[in-house]
Amino acid sequence: MGFGGISIWQLLIVLAIIVLLFGTKKLRGIGGDLGNAVKGFKKAVSEDEQNKPAEPIEQANNPIQNKESVDKSKEDHKA
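Along each chain, numbering runs from 1 in the same order as the chain's sequence is written. This being a predicted model, a pLDDT of at least 70 is required before a residue's local features are given, and a value of 80 or more before pairs of side-chain atoms are given or counted; all residues contribute to the totals for chains, interfaces and linings. The side-chain numbers reported here are obtained from all heavy atoms of the structure, hydrogens and water having been left aside.

### A few points about the overall build of the chain
Phase 1: Comment: elements are numbered from the N terminus, with helices defined as DSSP H or I runs of at least four residues and strands as E runs of at least two. Scanning the chain from terminus to terminus reveals 4 helices and 0 strands.
Phase 2: Sequence-ordered secondary structure for the chain, helices as α and strands as β, is α-α-α-α.
Phase 3: Among the 79 residues that make up the chain, the fraction classed as buried is 0%.
Phase 4: All accessibility values rest on the Shrake-Rupley procedure with a 1.4 Å probe; residue burial counts only the protein chains present in the view. Of the accessible surface of the chain, which amounts to about 7600 Å², a share of 63% is contributed by carbon and sulfur atoms. The cut-offs for exposure are 20% and 50% of the maximum accessible area for each residue type, with area from a 1.4 Å probe on protein chains only; residues under the lower value are buried, those over the upper are exposed, and the others partly exposed.

In structure tokens, the structure reads:
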């Protein structure tokens, strides 16, 4: 038993039909294009993470400090 009730022989037959339809040269080209697309995507994601400016995470995660700053700004507006 293979994947979801499909045996290994059925998978090999489907693979052979795909190779006959498209040919090995075209499948190799498709595989290369797909590999280059994945490399480009990974490169873009890593460059984006490196260029992203550091955000002050501590202030967002500290609710006490945020409450104090809100209270202080309210007092400034009252005066």
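### So, the UniProt feature "transmembrane region" (unreviewed entry) in the chain
Phase 1: UniProt positions are given in the numbering used here, feature names are shortened, and annotations may be inferred rather than shown by experiment. Within this structure's numbering, the places UniProt gives as "transmembrane region" (unreviewed entry) are residues 6-24.
Phase 2: Helix makes up 84% of residues 6-24 and strand 0%, whereas the separation of the span's terminal C-alpha atoms amounts to 24 Å.

### Structural notes on a nonpolar patch on the surface
Phase 1: Think of a patch as exposed residues, more than 30% relative accessible area, with no salt bridge, where like charges cluster within 9 Å and nonpolar side chains (Val, Leu, Ile, Met, Phe, Trp, Tyr) cluster within 5 Å. Here, a salt bridge means any Lys or Arg side-chain nitrogen found within 4 Å of an Asp or Glu carboxyl oxygen. Together, Ile 6, Ile 8, Trp 9, Leu 11, Leu 12, Leu 15 and Val 19 line one region of the surface with nonpolar side chains, adding up to about 660 Å² of accessible area.
Phase 2: Classification of Leu 12 by relative accessible area gives partly exposed; the value is 42%.

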